[in-house]
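Residues per chain, in single letters:
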Amino acid sequence: MTPSPTIEARIDDLLAQMTLDEKIGQMWQISGKIDGAEETIRRGGVGSFLNVEGDVAHELQRIAVEESRLGIPLIYGRDVIHGFRTIFPIPLGQAASFNPDIAREGARVAAREAAAAGLHWTFTPMVDIARDPRWGRIAEGGGEDPYLTGRIGAAMVEGFQGDDLSHPERIAACVKHFVGYGATEGGRDYNTTYIPETLLRDIYLPPFKACIDAGVATLMSAFNDLNGVPASGNARTLREILRDEWGFDGMVVSDWNSVLEMIPHGFAADAKDAAALGVLAGVDMEMVGDGYVKHIAALLDEGLLSLEMIDDAVRNILRLKMRLGLFERPYNDLDPSAMLLAPDHLSAAQRAAEESCVLLKNEGTLPLSPTISKVAVVGPLADAPQDQLGCWVFDGHAEDSHTPLAALRAALGAERVIYAPGLPHARSYDEGSPAGGIAAAIDATNQADVVIAFVGEDALLSGEAHCRAFLDIPGAQQRLLDALKATGKPVIAVVMAGRSLALGPVLSAVNALLFAWHPGTMGGPAIADLLLGKASPSGRLPVTFPRAVGQVPLYYNQKPGARPAPADAPIVPTGTPLDPSGFVTCYLDVDHRPQFPFGFGLTYSSFEYSNLRLSTQELAMGESITAIVTLTNTGERTATEVVQLYVRDLVGSLTRPVRELKGFQRVELAAGEQTEVRFTLHTDDLAFHNAALQLVTEPGDFHLWIAPDAGSGLRAEFTVVKK
Ligand code: NOJ
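Model, not experiment: these values are computed from the prediction.

### As for the domain arrangement of the protein chain
Then step 1. Its domain assignment divides the protein chain into domain 1 (351-531) and domain 2 (607-721).
Then step 2. Put simply, the middle of domain 1 and the middle of domain 2, counted by C-alpha atoms, are 36 Å apart.

Shown next as structure tokens:
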């Protein structure tokens, strides 16, 4: 955001009037209306609350504005992660749309609804790169790729904030968790991370930079220990990279109690030490923990902190409040009843759900003919209004959900739908209930032409502190699918989940599989339209799908290694482990390749890529190359292809990934239609961080693919030459 001289002058003026206690108060964020909140506000002892809204928020704000000495307004934050009342697909699902417009619109809708509830600030987007689906928070981000995650995160920032942060229908965004949180060892939340700085800079930092370039107003420091230094006490990342290199002038908030959690980390001796480390690192506001309010004054007295540091932090907080226009408009007078679940919000959520679904298998079973006479709808997630919303939905209501069962009944007529859930919930082993359990699901299937099984993870299996050691569909759901298969009827699985899963046994039991993530309030109608061919699947995987949990971490932009396994051959040596064919990077007991590569997704049509050509074979440093491919819809239906651009730098001063995503375009073509798809790439887009941490593009040979996914595509070669 551009600095405003007027705002800076107003901050100076206000700072000059503030007592030390009032300054320290601004640096504290309290959760909920705690006992004595009113008095704390009156004496200027708090700057922000999270998790208060509506009338309570209005009254506390009135006390701040009318009864505190300087009348500095409070700022209210909340986790509005994928919608406020109208819930959109989980962020990982939104990333599967490969459509930043979907993420931007979802954030715009969420901002309007949240603003109407009196909120000013959301703790979104999460842009933590996640290479391990065991980590429950993979659901909250854009997946494994820094380019895609950056595009989706930046679009969310634009959607929340718009062009003018002070607009009544906009709220401040908060990019999180800075930094490296997604690399948590073993996929266990809050665990240690070790990330060499070259990797940090090439993979983990770029999505944050993309959000900062998009003007994000705030940033949250993470829980994790990064290379031995907890992220909320990390001056290297928070001061040197964020402020000095990137010039961020927004506000930094800690994660929940993450300043005081430097004590269990074994980095701070006590709360006073932790407070000093937080301020020194550049955390402006402490979320929940009371280390700052209790200890900053003493730390100043002892000369362990300087007043200048406190003024800098307060300056960042006041700048945010001024940018939001809180001094002029401390209360929001939007009418919530006109905003929440507005018809255009619901239609945006339906479109997002539709574009996020990924078709992973189809033996011609889908789309269903609208004239089909009887459909069995089974599975614990067919009518699970809370679970389809996914994790982090504080303000979403299950009763607003349009479930797949209701949508299929509406589309086909109730008499053509036979419903038997089979299992009471997704983790259940209770095969005998309710309503007859698996036996009833088999009966229903025997009476129908086709069965649609809604299976997967319930919402509580992903999100913060909700990690898994297995990547299967839990409970007795696999037994349910196997029993359905045994009926001989065509089986369609719709899988809802908050992460990538190891789908091998599911795939063996079904004729078609649509992966729907947790699709949100309008998931039902979106899925029904896709199943019935009123809409065509266009989502693509934002994460690699492994065959087995033991392959994790498995991600497309890996390094080649010394003995890469042949890309197109399954390597499962049949002889002894000494069989020479086994001396490559693979496992003895599972195909080394993923079940589905990053970027994969089918449509109801088919596409052919041909005639890949480059504008030049020799690309001079500082210039751009254009790659063009002919794309033809060779099938019989209109469909959208997500055309992806990848490169590989063949030899580097540090080893380079086997592929890196550099662009994507959604292209809709009618049956038989052909078009040319064009990408332009500058030599700066080929840069990486060398051993001296310089961002460089090195001369040499490159491969370039235009591809339907990270595992295939047409390839061309070019050379980057010095000018
Ligand atoms: C902890 C989570 O890590 C963070 O993402 C969230 O915004 C805060 N709690 C506030 O609820």
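Next comes the rest of the account.
### Describing the pairing of strand β1 (residues 28-31)
Then step 1. For β1 and strand β10 (residues 286-287), the ladder comprises two bridges, and the chain directions are parallel. Looking at β10, one finds that W28 is bridged to E286.
Then step 2. With three bridges connecting them, β1 and strand β2 (residues 48-50) associate as parallel partners. Note on β2: the bridge partner recorded for Q29 is S48.
Then step 3. In terms of handedness, the path from β1 via helix α3 (residues 37-42) over to β2 forms a crossover that is right-handed.

### Section: the packing of aromatic side chains
Then step 1. Counted according to the given criterion, the structure contains 19 aromatic pairs.
Then step 2. Here the aromatic rings of F515 and F545 are separated by 5.0 Å at their centres, their planes lie at 80 degrees, and the arrangement is edge-to-face. Highlighted residues: F515 in strand β16 (residues 512-515) and F545 in the loop between α20 (523-531) and β17 (607-614), separated in sequence by 30 residues. Exposure class is identical for F515 and F545. Each is buried.
Then step 3. With 6.4 Å between their ring centres and 70 degrees between their planes, F545 and F596 make a pair best called edge-to-face. Of this pair, F545 sits in the loop between α20 and β17 while F596 sits in the loop between α20 and β17, and the two are 51 residues apart along the sequence.
Then step 4. Chaining the aromatic ring pairs together yields one cluster made of F98, Y147, Y556, F598, Y646 and F664.

### Overview of the site of the ligand
Then step 1. In the vicinity of the ligand, the contacting residues are L50, D79, F123, R137, K176, H177, M220, F223, D255, W256, M287 and E464.
Then step 2. Here an oxygen atom of the ligand and a side-chain polar atom of D79 are 2.4 Å apart.
Then step 3. Take R137: an N or O atom from its side chain is 2.6 Å from an oxygen atom of the ligand.
Then step 4. Contact with the protein chains removes 96% of the 300 Å² of surface that the ligand exposes when unbound.
Then step 5. Here the shell around the ligand is built from residues that sort into six nonpolar, one polar and five charged.

How each quantity is defined
Residues numbered from 1 in each chain as written. Predicted model: local features only at pLDDT ≥ 70, side-chain atom pairs only at ≥ 80, totals over all residues. Heavy atoms only, no water. Domains from an automatic or database assignment. Pairing = 2+ DSSP bridges. Helix = DSSP H or I, 4+ residues; strand = E, 2+ residues; numbered from the N terminus. Right-handed = clockwise from strand over helix to strand, strands pointing away. Phe/Tyr/Trp six-rings, centres within 6.5 Å; stacked < 30°, edge-to-face > 60°. Buried < 20%, exposed > 50% of the residue type's maximum accessible area, 1.4 Å probe, protein only. Near = heavy atom within 4 Å. Polar contact = N/O pair within 3.5 Å; in protein donor to acceptor, adjacent residues only side chain to side chain. Areas by Shrake-Rupley, 256 points an atom, 1.4 Å probe, with all protein chains shown as cover. Nonpolar A, V, L, I, M, F, W, Y, C, P; charged D, E, K, R; others polar.

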